[in-house]
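# Analysis of the macromolecular model
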Amino acid sequence: MLDTTATTEVADDARARANVLRLAAAQALTGANSAVIFATGSIVGATLAPDVSLATVPISMYVLGLAAGTLPTGAISRAYGRRVAFIIGTGCGMLTGALGAVAILYGSFWLFCLATFFGGLYGAVAQSYRFAAADGASVGFRPKAVSWVMAGGVFAGVLGPQLVQWTMDIWSPYLFAFSFLAQAVVALVAMVVLSGVDAPRPAAADMHGGRPLFTIARQPRFIAAALCGVIAYPMMNLVMTSAPLAMKMCGLTVSDSNFGIQWHIVAMYGPSFFTGSLIARFGAPRIVALGLLLEAAAALIGLSGITAMHFWATLIVLGVGWNFAFIGASALVLETHRPQERNKVQAFNDFLVFGMMAIGSFSSGQLLAHYGWSMVNMVVFPPVLLGLAVLSLASFARRRAKLREVDEMPGPSI
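Since the model is a prediction, treat every value here as computed from it, not as a measurement.

### Re the overall build of the protein chain
Secondary structure summary: the protein chain contains 17 helices and 0 strands in total. Here the protein chain, with 414 residues, has 56% of them falling under the buried criterion. Counting every atom, the protein chain has about 17,000 Å² of accessible surface; 70% of that belongs to carbon and sulfur.

### Digging into a nonpolar patch on the surface
Judged by side-chain polarity, V102, L105, Y106, I170, W171, Y174 and L181 come together as a nonpolar surface patch covering roughly 640 Å² of accessible area. Tracing the backbone shows W171 in the loop between α7 (153-167) and α8 (177-194).

### Digging into the layout of surface pockets
Space inside the largest pocket adds up to approximately 560 Å³. Considering the residues around the largest pocket, the lining is formed by 23 residues, among which R221, G283, A284, P285 and E335 are closest to the centre. Here the lining of the largest pocket gets 7 residues from one element, more than from any other, and that element is helix α17 (residues 381-408). Grouping the amino acids of the lining of the largest pocket by side-chain chemistry returns 12 nonpolar, 4 polar and 7 charged.

### Quick notes on the environment of A369
Structurally, the position occupied by A369 is in helix α15 (residues 342-371). On the basis of relative accessible area, A369 is assigned to the partly exposed category, the value being 39%. A sequence separation of 317 residues divides A369 from V52, and the C-alpha atoms of the two residues are 7.6 Å apart.

### Describing the packing of helix α6 (residues 142-151) against α7
One way to put it is that α6 packs onto α7 with a least axis distance of 5 Å and a crossing angle of 10°. The pairing of α6 with α7 is recorded here as roughly parallel in orientation. Contact residues: V149, M150 and A151 in α6; G153, V154 and F155 in α7. Each residue belonging to the contact of α6 with α7 can be placed in one class, and the counts come to 5 nonpolar, 1 polar and no charged.

### With respect to the nonpolar core
Grouped together as the largest cluster of nonpolar side chains are 130 residues, with contacts concentrated most on L23, F86, Y129, Y233, L292, W322 and W373. Among the elements that line this core, the one with the most residues is helix α10 (residues 220-249), at 18 residues. Setting aside chain neighbours within four positions, we find L23 in contact with F86, Y129, A132, A133, V149, L194 and V197.

### Topic: empty space enclosed by the protein
Taken as a whole, this structure holds 3 cavities of 30 Å³ or more when the rule is applied. Here the largest cavity defines a volume of roughly 280 Å³. Along the walls of the largest cavity sit 25 residues, with S34, Y62, Q127, Y233 and Y269 positioned nearest its centre. By residue number, the principal contributor to the lining of the largest cavity is helix α1 (residues 2-48), which donates 7 residues. Residues of the lining of the largest cavity, tallied by class, amount to 16 nonpolar, 8 polar and 1 charged. Approximately 100 Å³ is the volume found for the second largest cavity.

Criteria and thresholds
- Residues numbered from 1 in each chain as written.
- Predicted model: local features only at pLDDT ≥ 70, side-chain atom pairs only at ≥ 80, totals over all residues.
- Heavy atoms only, no water.
- Helix = DSSP H or I, 4+ residues; strand = E, 2+ residues; numbered from the N terminus.
- Buried < 20%, exposed > 50% of the residue type's maximum accessible area, 1.4 Å probe, protein only.
- Areas by Shrake-Rupley, 256 points an atom, 1.4 Å probe, with all protein chains shown as cover.
- Patch = residues over 30% accessible without salt bridge, like charges linked within 9 Å, V, L, I, M, F, W, Y side chains within 5 Å.
- Salt bridge = Lys/Arg side-chain N within 4 Å of Asp/Glu carboxyl O.
- 1 Å grid on protein atoms, 1.4 Å probe; cavity = no way out; pocket = protein on both sides within 12 Å on 5 of 7 lines; lining within 4 Å.
- Points joined across faces, edges and corners; volume = space filled by probe spheres on them.
- Nonpolar A, V, L, I, M, F, W, Y, C, P; charged D, E, K, R; others polar.
- Axes fitted to C-alpha atoms, helices over the stretch in contact; angles between N-to-C directions.
- Parallel < 35°, antiparallel > 145°, perpendicular 65-115°, else oblique.
- Contact = heavy atoms within 4.5 Å.
- Core = buried A, V, L, I, M, F, W, Y, C linked by side-chain atoms within 4.5 Å.

Structure follows, in structure tokens:
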């Protein structure tokens, strides 16, 4: 029986590894979508918006799209399989590029916001790549599968900003218009890559059953995982969204901004080559805690100066912190549900994360415009402290539960 189980796990992990390669490639290509939006969104917004305080609204619309797309992605994946959701997502990515280019050419701020909203829908589908990599994999391989897919974002960190750098002046004086057209082509390539992912429609037995979502969401482990994700991603987004415009306000160039975003994205995904191994060795809670502390350290660097080096260091440390905190939180989510519950639980987790990002993102432009870059960084500290406290309580509760189980085990009969 044990030999049969081991053989099945090896076969499942072999299938998961094949999917990981495609999903990692798609992560790199999809990451170029978000890189183009984050590198240009606030700058284009400041150019097209009727008021400078609305400059970050396009990026906020991207985040709103992320939140709006999470639950439909889960529903489509549950009903028709993940591959169908992936294809729909890349279609939204192509629409993002086409609408973005037209909006810049015609000077339409609200059309540009619509384009970035579709980019968010594309990003919402892409967030499920990490969970798709773990489908059917053994318990030991799941953190590595999630981590390796996220590692594809390293190439996005190079591709996205360089795509902007190479194409931003091609249709001068319409800055970045051709960049969005190129991004649409990249989304088309991602569609081709994802069409080969082995993600069949769920079996009929997996469409029903499982615990109610509310029961799962009440687990201390899930509460800690979701809350840490809610803190790690929105805090990273707050600082990253504000940084390009803050750099411009401080007299730095677009090239300085592109360089900072490029290395920020590399830092976001580069540690993924070993984050899964760190989680397997030290446990997800410790890695999440380290990530949150690094995000706080990034905010401290941001408060210490406004030179290009300060901005770059802030963005790099912020990226590493996000990687540890977000991948660790994702690994914690995988521990809270059964196979037949995965789509609804994963989609609900991402809805919480990106819903909170959407709420916070709309305030980032106002925060930067009215209170400055320093206040953007200071906002990071209270949520990080809250996340560390809840994570500690959840870990303590888990240890107590395990000790209780040991105490309740029947002793040897005499």
